[in-house]
Amino acid sequence: MKKELIFFILILLSSYTYAQESEEEKVVKVEIIKNNSFEQSDTYGENEFRINFFDLLVVPGLHGYYEKIIDETSSLGAAVYFSLSADPVVDRRFAISPYYRLYFLDRKDYGAKGIFVEVFASIAGADDHESPDTITRFSIGLTTGRKWLTRQGYTFEPFLGFGRYLDGHDDGSDNPGGHFRFGISIGKRF
């Protein structure tokens, strides 16, 4: 019986030693890497060019945009519009519109994308409905929209906004007191 008891104790000790060795082997290394999502957008750059295809196909007019990304939640930009028709759908012949944007929600992936709100100003040359002359119009307004950004840096952006003219050409005349901004633009960030 002594031999059996000694044998049993040896088996218990060896299994205990084996269990400790197994626990030591189960140690898993975990490495934490800092991931600042806006750093990924630097690979796409901080500049972006877009064309409003809605204006190009419907109005017809060439409406181009340049946007400079400030950080993951904001940007500055300018839009330039030229009418491509002698009798355009809108009264504007040309326009220059600087803007400032704030981005919300999906900004974590590549920065400066997602839902946005934009404040803009506009200086435009427009047809005067009371004379054959072209008048200069000034407006300020708001735009809202949504921007998607692909992994290759291409952007897609539908937007809608309204601007109010501040020039006094609309008092009692046929000239409109404001203008809508609507578009579907496609661009490239670099």
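Here the structure is a predicted model, which means the values were calculated and not measured.

Visitor: Pulling in residues and values, what's your account of the overall build of the chain?
Guide: Along the backbone of the chain there are four helices and eight strands. Secondary structure elements of the chain, listed N to C terminal, follow the sequence α-α-β-α-β-β-β-α-β-β-β-β. The buried share of the chain, reckoned over its 190 residues, is 35%. Once local pairs closer than 6 in sequence are excluded, the contacts in the chain between residues at least 24 apart make up 54%. Carbon and sulfur atoms form 65% of the exposed surface of the chain, whose accessible area is close to 12100 Å².

Visitor: A description of the environment of Arg-92 should follow, citing residues and the corresponding values.
Guide: Turning to its location among the elements, Arg-92 is positioned in strand S4 (residues 92-104). C-alpha of Arg-92 to C-alpha of Arg-137: the two residues are 45 residues apart in sequence and 9.1 Å apart in space. Among the polar contacts listed, one links the side chain of Arg-92 to the side chain of Ser-122, at a separation of 2.9 Å.

Visitor: Explain the pairing of strand S7 (residues 154-165) to me, using residue names and the numbers behind them.
Guide: The alternating pattern of S7 places Thr-155, Glu-157, Phe-159, Gly-161, Gly-163 and Tyr-165 on a buried face and Tyr-154, Phe-156, Pro-158, Leu-160, Phe-162 and Arg-164 on a face that is not buried. Two elements, strand S6 (residues 134-149) and S7, share nine bridges in a ladder whose sense is antiparallel. Within S7, the position partnered with Ile-140 by the bridge is Arg-164. The turn joining S6 and S7, which pair antiparallel and follow one another in sequence, is formed by four residues; a positive phi near 95 degrees is taken by Gly-153. Bridging between S7 and strand S8 (residues 178-189) involves eleven bridges; their strand directions are antiparallel. Note on S8: the bridge partner recorded for Pro-158 is Ile-184.

Rules behind the numbers
- Residues numbered from 1 in each chain as written.
- Predicted model: local features only at pLDDT ≥ 70, side-chain atom pairs only at ≥ 80, totals over all residues.
- Heavy atoms only, no water.
- Helix = DSSP H or I, 4+ residues; strand = E, 2+ residues; numbered from the N terminus.
- Buried < 20%, exposed > 50% of the residue type's maximum accessible area, 1.4 Å probe, protein only.
- Contact = heavy atoms within 4.5 Å.
- Areas by Shrake-Rupley, 256 points an atom, 1.4 Å probe, with all protein chains shown as cover.
- Polar contact = N/O pair within 3.5 Å; in protein donor to acceptor, adjacent residues only side chain to side chain.
- Pairing = 2+ DSSP bridges.

Honestly, it's all geometry; don't read function into it.
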